[in-house]
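Examining the three-dimensional arrangement
Spelled out from the first residue to the last, the chains are:
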Amino acid sequence: MNPWEAEADLVVVGSGVAGLTAALDAAAAGLRVVVVTKDAVDAGSTRWAQGGVAVVVGDVAGDSIDAHVADTLEAGGGLCDPAAVASIIADGPAAVARLRERGARFDAGPDGRLARTREGGHSAFRVVHAGGDATGAEVERALVHASGGLPLLTDHVAVDALREPDGRVAGLAVLDGSGRPGVLRAPAVLLATGGYGQLYSSTTNPETATGDGVALALRAGASAADLEFVQFHPTVLYTGPAVGRRPLVTEAVRGEGAVLLDRAGRRFMTGVHPLADLAPRDVVAAAITRRLAETGTSCVYLDARALDGFAARFPTVYAACRAAGIDPVREPVPVTPAAHYSCGGVVTDASGRTAVPGLYAAGEVARTGLHGANRLASNSLLEGLVMGARVASTVVAELQEGHLPATLLREGGLPAIPAPAVPLADRGVVQRAMSGAAGVGRDGAGLAAASDAVEAATALAVPIDRAGVEDAALTLLAQAVLAAAGTRTESRGCHVRTDFPARDDVWQRASLEVVLDGTGRPEVRAGKAVAA
Ligand code: SIN
């Protein structure tokens, strides 16, 4: 099949909060933008976000940007990049204001001002929300509505970056829903593809979260970091052993007073952390995992019976509970941790640039240094808004200043379309290996055995459709996460090693970077030291 071809100034891969924010800003600045997304426009993770956007807007007594920065650094377990934290959080209020100008409607309190809730690790009520617990759905609705006029290719999966002989990006190779190849020529490609929660059998993430952007960036020569820090959300509705996307029970339920109980009805977070049930997410997920092991049970319980107006305040959670035959107003809700967020990703600078000229990353796919070893609740939509906007202004400036070529039209025809055979394993094997050995609580022997299991299921193949692209990405991410988790012989944030239960601040106060070696295998190396 001959590939079709189109040209743009900026190709945005992904249509969640980061991708659409970048696309809208770049188009408003006059760039020709094409958005590529492998499913429906709203099929990514953004629309599933519940709690809200963490941001210090207006006059909230007792809160400040500095306090938000401090909470983020504390949650991040010593691995955040303090400069990235300070600048992203400082840009939050303007980014949220821009989103509201674009039509997003946030909930108001009785005084008419923005309502705010609290989540784990936050020292103040600063999380703004929409539709009660449907913040992501409102953010996505507003951005999709605002981007109505933009060229948008749904059902097109990104395969690989096209590169010029000097290494810079020349565009993107894609496959449409029937496996027909196409080429989008552009001097700038933004990866906004979300995370890799689908590495695990049980996750809050939709089916689209298969790590495609991290895999594509690694193959293009970029580096990734902090991949071992997979955040498990502590409270996912437990309805028996199940695979695939599981309903989230937002931390805001605890923010507004609910508490965790074990099978015997005892609270177990008091004494674990000064913030008790509102400790940072890694602490709560680890405490639940320990309690499950001690009691030989599969779930703990979230008691929200003391909350007023549960159904109106948390309509999404209420509907999920009722669909499972549980009434959160009258009975404690069974919950368990599940894979939720990829704290690491493609290494970028403060403007979203990767190490490959012309390749950018923003949102969950990226590692800016905001999250460190554990993301603070509701900092993800914030990061997507801020970094999406920054990438747009960076690409505009780089085109104007001539750092990116204004046009790729040339006599030599298309740049070479890569179609390499890549390692590809059965998705079920990968998910079982990761769930068994790389969840909350890992050890060296288990990680090595999981690597062997993935290896044994892997063969070289050329991806010819979306499923193949996704399986290749999941295989590479499994290899990379297992290698990084095996290398980090300490416990920190979301990375809990049962064989190395303590932090090792002497030499581990740095991120681990992953690059591909000459044979295409992930190689782990010490990254830049984190400023103290
Ligand atoms: C939640 O609502 O608990 C999830 C929010 C987040 O992941 O930041």
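Residues numbered from 1 in each chain as written. Predicted model: local features only at pLDDT ≥ 70, side-chain atom pairs only at ≥ 80, totals over all residues. Heavy atoms only, no water.

Per an unreviewed UniProt entry, the protein goes by L-aspartate oxidase and derives from Pseudonocardia hydrocarbonoxydans. The record in UniProt for the protein states the following under Cofactor (unreviewed entry): "FAD". The UniProt entry for the protein carries this comment under Subcellular location (unreviewed entry): "Cytoplasm". (UniProt positions renumbered as here; feature names shortened; annotations may be inferred.)

Once that is clear, we can look at the UniProt feature "domain: FAD-dependent oxidoreductase 2 FAD-binding" (unreviewed entry) in the protein. The positions UniProt marks with the feature "domain: FAD-dependent oxidoreductase 2 FAD-binding" (unreviewed entry) are residues 9–381. This span, residues 9–381, is 26% helix and 21% strand, and a straight line between its end C-alpha atoms measures 25 Å. (Helix = DSSP H or I, 4+ residues; strand = E, 2+ residues; numbered from the N terminus.)

Turning our attention to the site of the ligand. Lining the immediate environment of the ligand, one finds Gln50, Gly51, Glu119, His233, Leu248, Thr250, Glu251, Arg281, His340, Arg375, Ala377 and Ser378. Measuring from an oxygen atom of the ligand, one finds a side-chain N or O atom of Thr250 at 2.6 Å. Out of a free accessible area of 260 Å², the ligand has 96% covered by protein chains. Of the residues that constitute the shell around the ligand, the class distribution is 2 nonpolar, 6 polar and 4 charged. (Near = heavy atom within 4 Å. Polar contact = N/O pair within 3.5 Å; in protein donor to acceptor, adjacent residues only side chain to side chain. Areas by Shrake-Rupley, 256 points an atom, 1.4 Å probe, with all protein chains shown as cover. Nonpolar A, V, L, I, M, F, W, Y, C, P; charged D, E, K, R; others polar.)

Here the focus is the pairing of strand 17 (residues 300–303). Two elements, strand 16 (residues 259–261) and strand 17, share 3 bridges in a ladder whose sense is antiparallel. Opposite Val259, over in strand 17, you have Asp303 as the bridge partner. Summarising the sheet, strand 17 and strand 18 (residues 333–342) pair through 3 bridges and their orientation is antiparallel. The residue of strand 18 that forms the bridge with Leu302 is Val333. (Pairing = 2+ DSSP bridges.)

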